[in-house]
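Below, each chain spelled out in residue letters.
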Amino acid sequence: MPPRDKVPITAPSSRIRPYGDTPGQRKDTSFSGSAPTAQSGSGKSYHMAAPGKAAAFRLPPLPTIGEIIKLYRLKAQKQLSQNFLLDLRLTDKIVRHAGDLKNAHVCEVGPGPGGITRSILSAGVEQLLLIEKDARFIPGLQLLSEATPGKVRIVHGDILTYKMENAFPKHLKKNWEDEPPGIHIIGNLPFSVSTPLIIKWLENVSKKDGPFIYGRTQMTLTFQKEVAERLTANPGGKQRSRLSIMSQHLCTVENCFVIPGEAFVPKPEVDVAVVHFTPLVQPKIEQPFELVEKVVQSVFQFRRKYCFRGLETLFPESGRLKRTEQLMMTANVDPTLRPFQLSMSQFRNLCNTYRKMCDEDSSLFVYNYREELKEKKTRKLLKSTEETEEENEL
């Protein structure tokens, strides 16, 4: 039995009428066909028309997204931070900002009821891989699979664990120095997964693995407006953060446009922004992802204080002050600057200098400031307990 997160659903080679519900031609068509069935996590393919009978079988026009939601009684789950985007003019706009998708291979993350999915298919893609964690959406997505024979593959699984190294044909691979391959990742991401997912993919960019084993794969994703502002913030900006450095040192990051919250169902408390990522040929900080992340996290650990205070946490208590001064002097960074004031070149100098210090002292990189704090608190608690027991004995 294949694992749950790799159950492919391949459309039959049937010819059917084009589906409606496209921008400028929004059809409120009724749907009289019976809903296809799905066996979530069963290891079985979802029921579809048999290829041998395809020539004699024609589906009616597809229902609108709103009708799909009603037909399958779909309801956005707050605990999964789901929000449906029903306006196909907006989904078309998202897809346009992804670039030219003609004959491209696309992976859509969390398609839900299929609004963006329809716009992607309308763009003339060669293949579309849909990765959906919520089994409730599978039957509605299958309608789109049937409407575009041979183009759609659906995987019921979690994008955080799905192995994207094998998501696309090997012949699409390009050298890193070449133009980006004809591969795109698009998704209206749930707020709960957007930040950990982009950090995971940025690490993949750094290591040129995962979806970036094929080259500089482009991504077009939605984030809370505030998160998007962090991703694209410049030095000195109030939104400058760890995300700013980690994304911009590896990618060209563009904040494309903002979608008002009222465009979603249910309406989120915040607006949503569409962000486009193109991996850089040469990263701005040429050090391992883990090292850059450690330095950047340390700097922003005390965001409102001088950067000197955060950089101290890179070093053990013994010799901390001397090593921090050495780091900042060698990197030529003013210790009185706030973290959000540091430029990318200053972060590069800090990472390069810290790398040299780690090469000289192999125990330095594995040092963890929080673990040291935890151990100090534990020792203090044990000492206090022992003193109390001694007093009780007396």
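Residues numbered from 1 in each chain as written. Predicted model: local features only at pLDDT ≥ 70, side-chain atom pairs only at ≥ 80, totals over all residues. Heavy atoms only, no water.

When its secondary structure is counted, the protein shows 12 helices and 9 strands. Taking all 394 residues of the protein together, the buried fraction comes to 49%. Taking the contacts inside the protein whose residues are at least 6 apart along the sequence as the reference set, 72% of them involve residues at least 24 apart. Looking at the protein as shown, the accessible area adds up to about 19700 Å², and 49% of this sits on carbon and sulfur atoms. (Helix = DSSP H or I, 4+ residues; strand = E, 2+ residues; numbered from the N terminus. Buried < 20%, exposed > 50% of the residue type's maximum accessible area, 1.4 Å probe, protein only. Contact = heavy atoms within 4.5 Å. Areas by Shrake-Rupley, 256 points an atom, 1.4 Å probe, with all protein chains shown as cover.)

Time to look at the sheet that holds strand S7 (residues 251–259). With mixed pairing, the 7 strands of this open sheet are ordered in space as S4-S3-S2-S5-S6-S9-S7. Across the chains shown, the open sheet's two edge strands, defined by having one partner strand only, are strand S4 (152–156) and S7. Going across the sheet, the axis of each strand differs from the next one's by a mean of 20°, ignoring polarity. Here strand S3 (residues 127–132) runs beside S4; their pairing, made up of 5 bridges, is parallel. In the sheet register, Ile131 faces S4, and the bridge partner there is Val155. Contacting S3 and S4, helix H4 (residues 138–147) runs over the sheet at an angle of about 165° to S4. (Pairing = 2+ DSSP bridges. Axes fitted to C-alpha atoms, helices over the stretch in contact; angles between N-to-C directions.)

Next up on the list: the nonpolar core. Met164, Trp201, Leu221, Phe223, Phe277, Val295 and Tyr354 are the most contacted members of the largest nonpolar core, which totals 66 residues. Ignoring anything within four residues of it in the chain, the contact list for Phe277 reads Ile198, Gln218, Met219, Leu221, Phe223, Leu231, Ser247, Cys251, Thr252 and Val253. In terms of nonpolar packing, the next biggest core, distinct from the first, is built from 39 residues, Ile65, Leu130, Ile138 and Phe191 among them. (Core = buried A, V, L, I, M, F, W, Y, C linked by side-chain atoms within 4.5 Å.)

On to helix H8 (residues 289–299), then. In terms of burial, H8 is a largely internal element, 9 of the 11 residues being buried. Of the residues making up H8, those classed as buried are Phe289, Leu291, Val292, Glu293, Lys294, Val295, Val296, Ser298 and Val299. Against helix H5 (191–207), helix H7 (242–248), helix H9 (307–311) and helix H11 (344–360) lie the buried residues of H8.

Take H4 next. Residues spaced three or four apart along an α-helix face the same direction, because each turn holds 3.6 residues. Counted residue by residue, H4 has 10 buried out of 10 residues, so it is predominantly covered. Residues Ile138, Pro139, Gly140, Leu141, Gln142, Leu143, Leu144, Ser145, Glu146 and Ala147 constitute the buried set of H4. As for H4, its buried residues are in contact with helix H1 (65–71), helix H3 (115–122), S3 and S4.

Once that is clear, we can look at the pattern of salt bridges. As a working rule, side chains carrying opposite charge can pair if their charged atoms are close by. Applying the stated criterion across every chain yields a total of 12 salt bridges. Close ionic contact of Glu203 with Lys207 constitutes a salt bridge, the shortest N to O distance being 2.8 Å. Separated by 4 residues within a single helix, Glu203 and Lys207 lie in helix H5, roughly one turn from each other. Judged by its relative accessible area of 25%, Glu203 falls in the partly exposed class. Each member of the salt-bridge network shares a partner with another, and the members are Glu203, Lys207 and Glu290. (Salt bridge = Lys/Arg side-chain N within 4 Å of Asp/Glu carboxyl O.)

This part is about unusual backbone geometry. Across the junction of Val265 and Pro266, the peptide omega takes the value -10°, indicating a cis bond. As for its position among the elements, Pro266 is in the loop between strand S8 (264–265) and strand S9 (272–279). Phi is positive for Asn103, close to 65°, though the residue is something other than glycine. Considering the arrangement of structural elements, one finds Asn103 in the loop between helix H2 (88–98) and strand S2 (105–109).

For the rest of this paragraph, the subject is the packing of helix H10 (residues 320–331) against H11. Closest axis-to-axis distance for the H10/H11 pair is 9 Å, and the angle between their directions is 130°. Here H11 runs oblique to H10, going by the angle between their axes. The element H10 and its partner H11 pack so that their crossing is right-handed. Residues Arg323, Gln326, Leu327, Thr330 and Ala331 of H10 touch H11, and the partners they reach there are Asn349, Leu350, Thr353, Tyr354 and Met357. Counted by class, the contact of H10 with H11 contains 5 nonpolar, 4 polar and 1 charged residues. (Parallel < 35°, antiparallel > 145°, perpendicular 65-115°, else oblique. Left-handed = near helix turned anticlockwise from the far one by under 90°. Nonpolar A, V, L, I, M, F, W, Y, C, P; charged D, E, K, R; others polar.)

Right, let's get into the packing of H5 against H8. With their axes 10 Å apart at the nearest point, H5 and H8 run at an angle of 135° to one another. As judged from the angle between their axes, H5 and H8 are oblique. Seen from H5, the contacting residues are Ile199, Leu202, Glu203, Ser206 and Lys207; seen from H8, they are Phe289, Glu290 and Glu293. Of the residues in the contact of H5 with H8, the class split is 3 nonpolar, 1 polar and 4 charged.

Mean pLDDT over the protein works out to 83, with 79% of the residues at or above the 70 mark. Throughout residues 1–60 the model reports pLDDT below 50, and contacts reaching past four residues in sequence, or to other chains, amount to 126 contacts. (pLDDT = per-residue confidence, 0-100.)

The final tally for this structure, using the stated rule, is 5 aromatic pairs. Where Phe300 meets Phe347, the ring centres are 6.0 Å apart and the plane angle is 10°; that geometry is what we call stacked. Of this pair, Phe300 sits in the loop between H8 and H9 while Phe347 sits in helix H11, placing them 47 residues apart in sequence. The class for Phe300 is buried, based on a relative accessible area of 12%. Between the NZ or CZ atom of Lys93 and the centre of the ring of Phe257, over which it lies, the distance is 4.4 Å. For the cation-ring pair, Lys294 lies above Phe365, with the distance from its terminal atom to the ring centre recorded as 5.0 Å. (Phe/Tyr/Trp six-rings, centres within 6.5 Å; stacked < 30°, edge-to-face > 60°. Lys NZ or Arg CZ within 6 Å of the ring centre and 35° of its normal.)

Here we take up the environment of Ile138. Within the element layout of this structure, Ile138 appears in helix H4. For Ile138 and Gly114, which are 24 residues apart along the polypeptide, the C-alpha to C-alpha distance reads 9.7 Å.

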